[in-house]
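Survey of secondary and tertiary structure
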Amino acid sequence: MEFLMDPTLWVGLLTLILLEIVLGIDNLVFIAILAEKVAPKKRDKARVIGLALALLMRLGLLSLISWMVTLTKPLLSVGMFSFSGRDLILLLGGLFLLFKATTELHERLENQDVQHDANRGYASFWAVVVQIVILDAVFSLDAVITAVGMVNNLPVMMTAVVIAMGIMLLASKALTRFVNAHPTVVVLCLSFLLMIGLSLIAEGFGFHIPKGYLYAAIGFSVLIELFNQIARRNFVKNQARGPIRQRTAEAILRLMGGPRLREEGAQEMPNEPKAEFADEERYMITGVLSLASRSLRSVMTPRNEISWVDCRRPVEELRATLLATPHSMFPVCDGELDQLIGVVRAKDLMVALDKGEDVQEYAAQNPAIVVPETLDVLNLLGVLRRARGSLVVVSNEFGVIQGLVTPLDVLEAIAGEFPDEDETPDIVAQEDAWLVKGGTDLHALGQALDDNELTRGHENVASLAGLLLAERDQLPVVGEVIELGQWRFTILQMLEYRIELVRIERIAPPVEEEEQ
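The rules behind each value
- Residues numbered from 1 in each chain as written.
- Predicted model: local features only at pLDDT ≥ 70, side-chain atom pairs only at ≥ 80, totals over all residues.
- Heavy atoms only, no water.
- Helix = DSSP H or I, 4+ residues; strand = E, 2+ residues; numbered from the N terminus.
- Buried < 20%, exposed > 50% of the residue type's maximum accessible area, 1.4 Å probe, protein only.
- Contact = heavy atoms within 4.5 Å.
- Areas by Shrake-Rupley, 256 points an atom, 1.4 Å probe, with all protein chains shown as cover.
- Pairing = 2+ DSSP bridges.
- Salt bridge = Lys/Arg side-chain N within 4 Å of Asp/Glu carboxyl O.
- Polar contact = N/O pair within 3.5 Å; in protein donor to acceptor, adjacent residues only side chain to side chain.
- Phe/Tyr/Trp six-rings, centres within 6.5 Å; stacked < 30°, edge-to-face > 60°.
- Axes fitted to C-alpha atoms, helices over the stretch in contact; angles between N-to-C directions.
- Parallel < 35°, antiparallel > 145°, perpendicular 65-115°, else oblique.
- Left-handed = near helix turned anticlockwise from the far one by under 90°.
- Nonpolar A, V, L, I, M, F, W, Y, C, P; charged D, E, K, R; others polar.

1. Some remarks on the overall build of the protein chain
A tally of regular secondary structure across the protein chain gives 17 helices and 14 strands. Scored against the burial criterion, the 516 residues of the protein chain give a buried share of 38%. Intrachain contacts of the protein chain at a sequence separation of at least 6 include 61% that bridge at least 24 residues. Within the structure as shown, the protein chain displays about 30300 Å² of accessible surface, and the carbon and sulfur contribution to it stands at 59%.

Written as structure tokens, this is what we have:
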């Protein structure tokens, strides 16, 4: 038992255990990749069998050290190269690693394995085991050669291999779970497999590549991947802080597909499945999901377009106003719009006028529902329900009426415009352009132009006129041209200090000059 007291033996044993673990990590990672191909219930069994085979193979190779030494004798020569048995094993192992890594990378980069588990076709259990045996043979040769070079004591080498494989077996399930949860790690490991396979082929031809170079490259790649994983984890954490409503809406929009939802710089793939949503369906779904991010100003009828009744006017003038306007409800005011008395139905007011009732007293019986302009659209829905078909007046902090909202305004925000008899559409499509009113809702314009970028960065802007004023910082003149992104806006009509009509054209992308 005196050899147990030899400190060099224990140092060699600990060093060899550490090296065997390092050399076995790649083996363990690729066993996890192969085990993923079998049914979930058999993966643990495949992983344990793979590690057990690796242990038996390494112990068997260690017991055949004398035979391995003879593998360095030349067996055949091809031109200027001579190959020993060890060289042939390295060549065959390297070719197998290159083939396996290439096929696995192709499968993952083509997303061929992305399908539902219930319909997924799993590989044969024993076919995967055979591949694990071949991988074990290639990786075990490297580990055994390292053990022979480090320690000349066979029991010490076998003890180190058994301990290292036991540690790897304990850590295998956690490592497998990590590899399966991070697809980029799998691609990185397969890249390492390509590099190792290439180095084995080089050594088979007699070109020795120092292991330090390979380990340095692998270590640097692992460090970069670690930074990427930390960055992604922080990104997911920051995304999780957002409102669940917003995250759900973004997920549904991504599922719907369509060019307006595609990320900037992304191109449509030829085999990409098309969204199974019609244009009208996509328009309405997008409208519903964007309600939470819209301001009340973007859906209300603005102040300058409100039709209202002045109780001071003569009865005949009031009757003519009611008959000439196709609206069913009117705010009744005392001299000016901000002196709001109430909201009445046109037909009820006509009956009251015929009976000779006082308009002011009649309107006071139906007070208006007033909401602040800071109210969001989702909370407005509850107010509209309580209004029971009546309109809701929007006021600012100074009590000045800014507009009014009806259930039809919310419906138009979702499904598109429903113009009245006395109105023309806000957006008129022509062959190569669009004629758009200045007061057109910016969200509706973005959907009509199939461009979701118009509203980004302009959350405080509700209309096309507001967008153009925000870009110019001054009042434009008729004929002025404003270019924004891929669009050209030409001012066609101004009414006093208000933009009335704009022509919108798509800017043709620059034609790339052909290389000569």
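2. Digging into the pairing of strand 13 (residues 487-495)
Residues in a regular strand project their side chains so that they alternate between the two faces of the sheet. Sheet analysis places strand 12 (residues 481-484) next to strand 13, joined by four bridges and oriented antiparallel. The residue of strand 13 that forms the bridge with Leu-484 is Trp-487. Between strand 12 and the antiparallel strand that follows it, strand 13, lie two residues; Gly-485 among them carries a positive phi value of about 65 degrees. Where strand 13 and strand 14 (residues 498-506) come together, eight bridges link them in antiparallel fashion. Paired with Leu-495 across the strands is Arg-498, a residue of strand 14.

3. Examining the pattern of salt bridges
Per the stated rule, a full pass over the model turns up eleven salt bridges. Across the pair Asp-338 and Arg-303 runs a salt bridge, and its minimum N-O distance is 2.8 Å. Of the two residues, Asp-338 is situated in the loop between strand 5 (329-333) and strand 6 (340-345) and Arg-303 in the loop between strand 3 (301-302) and strand 4 (309-310); the sequence distance between them amounts to 35 residues. When its relative accessible area of 27% is taken as the criterion, Asp-338 is described as partly exposed. Given a relative accessible area of 33%, Arg-303 falls into the partly exposed group. Here Arg-312 ties to Asp-334 by a salt bridge, and the two come within 2.6 Å at their closest N and O atoms. Of this pair, Arg-312 sits in the loop between strand 4 and helix 11 (315-324) while Asp-334 sits in the loop between strand 5 and strand 6, placing them 22 residues apart in sequence.

4. So, the side chain of Gln-229
For Gln-229, the position within the fold is in helix 8 (residues 211-240). In terms of polar contacts, Gln-229 uses its side chain to reach the side chain of Glu-225, at 2.6 Å. Setting aside chain neighbours within four positions, we find Gln-229 in contact with His-182, Thr-184 and Val-185.

5. What about the packing of aromatic side chains?
In this description, a pair of aromatic rings is defined by centroid distance and the angle of the planes. The full count for this structure, using the stated rule, is two aromatic pairs. Ring geometry for Phe-83 versus Phe-205: centroids 5.5 Å apart, planes at 75 degrees, classification edge-to-face. Of the two residues, Phe-83 is situated in strand 2 (residues 81-84) and Phe-205 in the loop between helix 7 (183-204) and helix 8; the sequence distance between them amounts to 122 residues. Its relative accessible area of 7% is what places Phe-83 among the buried residues. Residue class for Phe-205 comes out partly exposed when judged on its relative accessible area of 34%. Ring geometry for Trp-434 against Trp-487: centres 5.7 Å apart, planes inclined by 80 degrees, an arrangement best described as edge-to-face. Of the two residues, Trp-434 is situated in strand 11 (residues 434-437) and Trp-487 in strand 13; the sequence distance between them amounts to 53 residues.

6. A look at the packing of helix 11 against helix 12 (residues 346-354)
Running from amino to carboxyl end, helix 11 crosses helix 12 at an angle of 155 degrees, the nearest separation of the two axes being 10 Å. As the angle between them shows, helix 11 and helix 12 are arranged roughly antiparallel. Seen along the crossing, helix 11 lies across helix 12 with a hand that is left-handed. Packed against helix 11, whose contacting residues are Val-315, Leu-318, Arg-319, Leu-322 and Leu-323, the element helix 12 presents Ala-346, Leu-349, Met-350, Leu-353 and Asp-354 at the interface. A class-by-class count of the residues in the contact of helix 11 with helix 12 yields eight nonpolar, no polar and two charged.

So, to be careful, I would describe these as geometric facts and stop short of saying anything about function.
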